[in-house]
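Here is what each chain is made of, one letter per residue.
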Amino acid sequence: MFFISRTTLGHRLSEGARLLRQTLIERKLTQLETERLLGIPRGMLNKWLHCKQAPGIEFAVRIEQMLGIPVESWVQKPTVPIMPHRVRMPKKECCDGCS
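This is a predicted model, so every value here is computed, not measured.

Peer 1: Describe in detail the overall build of the chain, supporting the description with residues and values.
Peer 2: Each helix and strand in the chain was counted, giving four helices and two strands. Taken from the N to the C terminus, the helices and strands of the chain come in the order β-α-α-α-α-β. Burial status across the chain gives 40% buried among its 99 residues. When the accessible surface of the chain is totalled, it reaches about 6,200 Å², and 53% of it is carbon and sulfur.

In structure tokens form, the structure reads like this:
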């Protein structure tokens, strides 16, 4: 496991962002794997996870189809607080020589 360390989140806190974080942890998906699965540009998922921006309707629909996170959750307030620091994510090697 590794941790994403952030002390602040963006202004777009949503239930969708919370569910996305939870889903990645539960399914042991890395950000890169999830970006590939969703067919999104590298770095976009990070913005959603850290509440810097929310996905547009096209991507919200794709997220719902692929990960089961409802489209409407991106405009709902989180049902529980989103903690900005020490989010556990699965550790997987990204390339030869990485640890």
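Structure shown, so let's carry the discussion forward.
Peer 1: An account of the nonpolar core is requested, with residue identities and associated values reported.
Peer 2: The biggest cluster of nonpolar side chains holds 21 residues, and the ones touching the most others in it are Leu20, Trp48 and Trp74. Secondary structure elements with two or more residues in this core: helix H1 (15-27), helix H3 (44-49) and helix H4 (57-67). If near-sequence neighbours (up to four positions away) are discounted, Trp74 is found in contact with Ser14, Gly16, Ala17, Leu20, Trp48, Ala54, Pro55, Ala60, Ile63 and Ile69.

Peer 1: Quick one: what's the story with the confidence of the model for the chain, residue by residue and with numbers?
Peer 2: Per-residue pLDDT for the chain has a mean of 81; in total, 75% of the residues score no lower than 70. Here strand S1 (residues 2-4) is the element of the chain with the lowest mean pLDDT, 44, and H4 is the one with the highest, 95. Low pLDDT (under 50) marks residues 1-5, which in the prediction has 19 contacts with non-local residues, meaning those over four places away or in another chain.

Peer 1: I'd like to hear about H1, residue by residue, with values.
Peer 2: For H1, spanning 13 residues, the distance from its first C-alpha to its last is 18 Å, which sits close to the expected 18 Å at 1.5 Å a residue. Those residues of H1 lying buried are Glu15, Gly16, Ala17, Arg18, Leu19, Leu20, Arg21, Thr23 and Leu24.

Peer 1: How would you explain the pattern of salt bridges if you had to name every residue and give the values?
Peer 2: Here the structure, examined in full by the defined rule, presents two salt bridges. For Glu58, the salt bridge goes to Arg62, with nearest N and O atoms at 3.0 Å. You can see Glu58 and its partner Arg62 sitting in helix H4, four residues apart, about one turn around the helix.

Peer 1: Mind laying out H4, listing which residues take part and the relevant values?
Peer 2: Those residues of H4 that fall on the buried side of the exposure criterion are Phe59, Ala60, Ile63 and Leu67. One face of H4 carries all of its buried residues, which in axial projection span an arc of 105°. Turned more than 90 degrees away from the buried face of H4, the exposed residues are Ile57, Glu58 and Gln65. The inward-facing, buried residues of H4 abut H1, helix H2 (31-38) and H3.

Peer 1: Account for the packing of H2 against H4, naming residues and giving values.
Peer 2: Between two packed helices, the angle of one axis relative to the other and the distance separating the axes together describe the packing. Between H2 and H4, the least distance of the axes is 10 Å, while the angle of their chain directions is 105°. Considering their axes alone, H2 and H4 lie roughly perpendicular with respect to each other. When H2 is examined against H4, the residues Thr34, Leu37 and Leu38 are found in contact with a partner set consisting of Arg62, Ile63, Met66 and Leu67. The class makeup of the residues in the contact of H2 with H4 is five nonpolar, one polar and one charged.

Peer 1: So what about the environment of Arg18? Which residues, and what values?
Peer 2: With respect to the element layout, Arg18 can be found in helix H1. On the basis of relative accessible area, Arg18 is assigned to the buried category, the value being 16%. For Arg18, the residues in contact, after removing those within four places along its chain, are Thr79, Val80 and Ile82.

Scoring rules and cut-offs
Residues numbered from 1 in each chain as written. Predicted model: local features only at pLDDT ≥ 70, side-chain atom pairs only at ≥ 80, totals over all residues. Heavy atoms only, no water. Helix = DSSP H or I, 4+ residues; strand = E, 2+ residues; numbered from the N terminus. Buried < 20%, exposed > 50% of the residue type's maximum accessible area, 1.4 Å probe, protein only. Areas by Shrake-Rupley, 256 points an atom, 1.4 Å probe, with all protein chains shown as cover. Core = buried A, V, L, I, M, F, W, Y, C linked by side-chain atoms within 4.5 Å. Contact = heavy atoms within 4.5 Å. pLDDT = per-residue confidence, 0-100. Expected span 1.5 Å × (residues − 1). Salt bridge = Lys/Arg side-chain N within 4 Å of Asp/Glu carboxyl O. Arc of directions from axis to C-beta. Axes fitted to C-alpha atoms, helices over the stretch in contact; angles between N-to-C directions. Parallel < 35°, antiparallel > 145°, perpendicular 65-115°, else oblique. Nonpolar A, V, L, I, M, F, W, Y, C, P; charged D, E, K, R; others polar.

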